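Residues per chain are reported as follows:
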Number of protein chains: 2
Amino acid sequence: MERVTESELAAWRLFIKTYARIIEQIERDLAEQKRVPLTAYDVLIALFEAPGHKLRLGELTQKMVLTKSGITRLLDRLEREGLVQREKSEEDRRGAYAVLTPEGEQQLRKAWPVYARGIKQYFAAPLSEEQTRQLIAAFEAMQKGQEL
Amino acid sequence: MERVTESELAAWRLFIKTYARIIEQIERDLAEQKRVPLTAYDVLIALFEAPGHKLRLGELTQKMVLTKSGITRLLDRLEREGLVQREKSEEDRRGAYAVLTPEGEQQLRKAWPVYARGIKQYFAAPLSEEQTRQLIAAFEAMQKGQEL
DNA sequence: AAATAATTGTTGACTGCGCAACTAAACCGT
DNA sequence: ACGGTTTAGTTGCGCAGTCAACAATTATTT
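Computed from a prediction, not measured in an experiment: that's the story for all the values here.

Novice: So what's going on with the layout of surface pockets? Residues and values would help.
Specialist: Approximately 1,100 Å³ is the volume attributed to the largest pocket. Surrounding the largest pocket, 36 residues form its lining, A:Tyr41, A:Asp42, A:Ile45, A:Tyr115 and B:Ile16 being those nearest its centre. When contributions to the lining of the largest pocket are tallied by element, the ones reaching two or more residues are helix 1 (6-32), helix 2 (38-49) and helix 5 (102-124) of chain A together with helix 1 (6-32) of chain B. Ranked by the residues each element gives to the lining of the largest pocket, the list is headed by helix 1 of chain B, at nine residues. Class assignment for the residues of the lining of the largest pocket results in 22 nonpolar, three polar and 11 charged. Here the second largest pocket defines a volume of roughly 940 Å³. Taken together, 28 residues make up the lining of the second largest pocket; nearest its centre are A:Arg13, A:Ile16, B:Asp42, B:Ile45 and B:Tyr115. Contributions of two or more residues to the lining of the second largest pocket are made by helix 1 of chain A together with helix 1, helix 2 (38-49) and helix 5 (102-124) of chain B. The element that contributes the greatest number of residues to the lining of the second largest pocket is helix 2 of chain B, accounting for eight residues. Its residues placed into classes, the lining of the second largest pocket shows 20 nonpolar, one polar and seven charged.

Novice: Can you explain the interface of chain A and chain B? Please cite residues and give values.
Specialist: At the junction of the two partners, chain A supplies 53 residues and chain B supplies 52 residues. When chain A packs against chain B, close to 5,300 Å² is buried across both sides, 72% of that on carbon and sulfur atoms. For the pair chain A and chain B, the number of links is six salt bridges. With a closest N to O distance of 3.0 Å, B:Glu8 and A:Lys120 form a salt bridge. Summed over the shared surface of chain A and chain B, the result is nine residue pairs in polar contact (both at pLDDT 80 or more).

Novice: Give a description of the protein's contact with DNA strand C that names residues and reports values.
Specialist: Lining the immediate surroundings of DNA strand C are 21 residues, of which A:Thr67, A:Arg77, B:Arg73, B:Arg86 and B:Arg94 lie closest. Sugar and phosphate atoms constitute 59% of the interface atoms of DNA strand C, taking the interface as everything within 4 Å of the protein. The contact in question runs from a phosphate oxygen of DNA strand C to an N or O atom on the side chain of A:Arg77, over 2.5 Å. Between B:Ala96 and DNA strand C, the recorded distance is 3.1 Å, taken from a backbone N or O atom to a phosphate oxygen. Elements represented by at least two residues in the surface near DNA strand C include exactly helix 4 (68-80) of chain A together with helix 3 (57-63) and helix 4 (68-80) of chain B.

Thresholds applied
- Residues numbered from 1 in each chain as written.
- Chains lettered and ligands numbered in written order.
- Predicted model: local features only at pLDDT ≥ 70, side-chain atom pairs only at ≥ 80, totals over all residues.
- Heavy atoms only, no water.
- 1 Å grid on protein atoms, 1.4 Å probe; cavity = no way out; pocket = protein on both sides within 12 Å on 5 of 7 lines; lining within 4 Å.
- Points joined across faces, edges and corners; volume = space filled by probe spheres on them.
- Helix = DSSP H or I, 4+ residues; strand = E, 2+ residues; numbered from the N terminus.
- Nonpolar A, V, L, I, M, F, W, Y, C, P; charged D, E, K, R; others polar.
- Contact = heavy atoms within 4.5 Å.
- Buried area = accessible area lost by both parts, 1.4 Å probe.
- Salt bridge = Lys/Arg side-chain N within 4 Å of Asp/Glu carboxyl O.
- Polar contact = N/O pair within 3.5 Å; in protein donor to acceptor, adjacent residues only side chain to side chain.
- Near = heavy atom within 4 Å.

Structure, rendered in structure tokens:
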């Protein structure tokens, strides 16, 4: 593998800085509006999109960027706040599902506009349609690269 | 501001997932090779590039994505490991500099190859030159967008 | 010059997460 | 059917970072 070029390094530095800034900003917006933070949001949306609004903890772990202990603790919090509920699995009695509660769904709906505005404003708005497509292609290439 | 489109959302999701995976992977590589973690690396490189290999803590706070208390604690660790040293400022006796030690510089040099390989492999290698340029343009557009 | 305000960096209390060890249940080869 | 291995999720411990309150110093008013 060859050396990292100047422009690759430039792209990299912009990548991490841009990411940090945008996430920080969105997180701040969500907090200001008293909405669930991003990681919580991700769990809720994953559950919402799942059949029956529920997922095995293991499935959640794969979808999210968190270890299983991270998921355990995150669910602890969400359960305490009444946004999800654990439901022990019938088929596999080691396991459990996380189920989205109505309250969780409501919080999801409340958070979305704030989140969406952030994505639009900080991430998408400055890009042309063409650039958006280019980004998708680039990130997909990286994903592919990972799998090798 | 209009609604977020499908493809913008797709780009966004790829963005955060790609970021998380790559950082995680590089961090793992650094840990395996017993090298300084990314945040530490960032401080060391900032100091290295600074005149006299030193910076006021406040300047560091701006360059990094960390609060001032975060910087305080990070420097505590780096100082304990002998990679930087605090030096109280003469001009402003509230303040202090962080100074890169020779040992710090050495650690920096040792970490770079691992870091660079990660950037190349997980981030840059899957991209064409054209795509790298497109990424730079896109991220710069976002930065610009932020400033408004 | 004195009083007030602003700034620099540190600290205490807390949160969120990872790692490794653990429990309970399921799987599997014999 | 039984012992060993694998898998699902939880837990203790520790690290890294935030926020808010603080001391020390400097800047600004009056």
